[in-house]
Amino acid sequence: MFDVPANTVPSTTALDALVSHPVRVALAVAADRDRWRSKLRYDPEERYATLVERTADQEVWLMAWLPGQTTGLHDHSDTTGAFTVVSGTLAEQVAHRGHPRQALHTLVAGQSRVFAPGYVHTVHNPGPDPAISIHVYRSSRPVLGRYRLDPVTGPEPL
């Protein structure tokens, strides 16, 4: 037998944190379609969003995107979280303060992105088909900080 040092065995707290990571929560909710199927709608004017679940620690939202719909450039205040694409394609552009260029990430079903305080991005549906995503916000869904992209300095608050 091998002797396993105590500091290499994950604590129950560490395992709970891993299981409840926002990406894992988003993936689990995305897989449980019966949990949100009746809430799904598409709005021809703007991206549709509805609350799926609220606990003391987080909110889970369902979002439905028709082709071309976007969030606009924003941050999530001091909230952390993640989103997972359930179906369709979403594109995320991440803007970094002090840098005019944006990083582009194209996501398809089953792929996720995480965000933290100070994370400035825009998400949109670039494809020809509708898209569905699940978003997890730690604490509560924040009021979005809006930005414009300066061609020299990067994102600037509106």
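Residues numbered from 1 in each chain as written. Predicted model: local features only at pLDDT ≥ 70, side-chain atom pairs only at ≥ 80, totals over all residues. Heavy atoms only, no water.

Here's the deal with the packing of aromatic side chains
What counts is decided by this rule: In this analysis, rings of Phe, Tyr and Trp, with Trp reduced to its six-membered ring, are considered paired at centre separations within 6.5 Å, and the interplanar angle assigns stacked below 30 degrees, edge-to-face beyond 60, and tilted for intermediate values. Only DSSP runs of H or I reaching four residues or more are called helices, and only runs of E reaching two or more are called strands; each is numbered from the N terminus. Only protein chains enter the calculation, and the probe is 1.4 Å; a residue is then buried if its accessible area is under 20% of its type maximum, exposed if over 50%, and partly exposed in between. Should the NZ of a Lys or the CZ of an Arg lie within 6 Å of a ring centre and within 35 degrees of the ring normal, that charge is described as sitting over the ring.
Overall, the coordinates contain one aromatic pair when judged by the stated rule. Relative to Y137, the ring of F115 has its centre 5.7 Å away and its plane inclined at 50°; by these criteria the two rings are tilted. Taken together, the positions of F115 in strand β7 (residues 112–115) and Y137 in strand β9 (residues 131–138) put the pair 22 residues apart, joining distant regions of the chain. With relative accessibility at 5%, the residue F115 sits in the buried group. Given a relative accessible area of 3%, Y137 falls into the buried group. Its guanidinium or amino end placed over the ring of W65, R47 lies 5.2 Å from that ring's centre, counting from NZ or CZ.

So, the sheet that holds β7
Stated formally: Think of it this way: DSSP has to see at least two bridges between two strands before they count as a pair. Every axis corresponds to a line fitted to the C-alpha atoms, with the helix fit spanning only the stretch in contact, and the corresponding angles, defined between N-to-C directions, vary from 0 to 180 degrees.
Taken in spatial order, the five strands line up as β1-β2-β9-β4-β7 in an open sheet, and their pairing is antiparallel. Strands at the two margins of the open sheet, each flanked by one partner only, are β1 (48–54) and β7. Here the strands of the sheet are splayed against their neighbours by 20° on average, with no regard to which way each runs. Alignment of strand β2 (residues 58–65) against β9, held across eight bridges, turns out to be antiparallel. Residue pairing across strands places L62 opposite I134, the latter belonging to β9.

Observations regarding the pairing of β1
Bridge analysis of β1 against β2 gives six bridges, and the strand direction is antiparallel. Of the residues in β2, the one forming a bridge with Y48 is A64. With antiparallel pairing between neighbouring strands as the criterion, β1 and β2 make up a hairpin whose turn holds three residues.

Considerations on the nonpolar core
Stated precisely, the cut-off is as follows: As used in this record, nonpolar core signifies buried Ala, Val, Leu, Ile, Met, Phe, Trp, Tyr and Cys residues forming a set joined through side-chain atoms within 4.5 Å.
Counting residues in hydrophobic clusters, the biggest one holds 13 residues, and the most contacted among them are M63, W65, F83, L90, V123 and Y137. Listed by contribution, the elements that provide at least two residues to this core are β2, β4 (81–87), β5 (89–95) and β9. Broken down by element, the residue count for this core peaks at three residues, all from β2. By size, the runner-up hydrophobic cluster in this structure holds 12 residues, among which are V29, W36, V86 and I134.

Some thoughts on the pattern of salt bridges
Put simply, the rule is: Whenever Lys or Arg places a side-chain nitrogen within 4 Å of a carboxyl oxygen from Asp or Glu, that contact is recorded as a salt bridge.
Considering all chains together, one arrives at six salt bridges under this definition. In this structure, the salt-bridge partner of R54 is E59, at a minimum N-O distance of 2.9 Å. On the accessibility criterion, R54 (55% relative accessible area) is exposed. Look at the salt bridges and you will find they share partners, linking R148, D150 and E156 into a network.

Observations concerning the confidence of the model for the protein chain
Using the following cut-off: The predictor rates its confidence in each residue with pLDDT, a number between 0 and 100.
Summing up the model confidence of the protein chain, the mean pLDDT is 86 and the portion of residues at 70 or higher is 86%. Mean pLDDT values for the elements of the protein chain range from 48 in helix α1 (residues 12–19) up to 97 in β4.

Considerations on the pairing of strand β11 (residues 154–157)
Here strand β10 (residues 145–150) pairs with β11 via four bridges, running antiparallel. Paired with L149 across the two strands is P155, which belongs to β11. In sequence, β10 turns back onto β11 through a hairpin of three residues.

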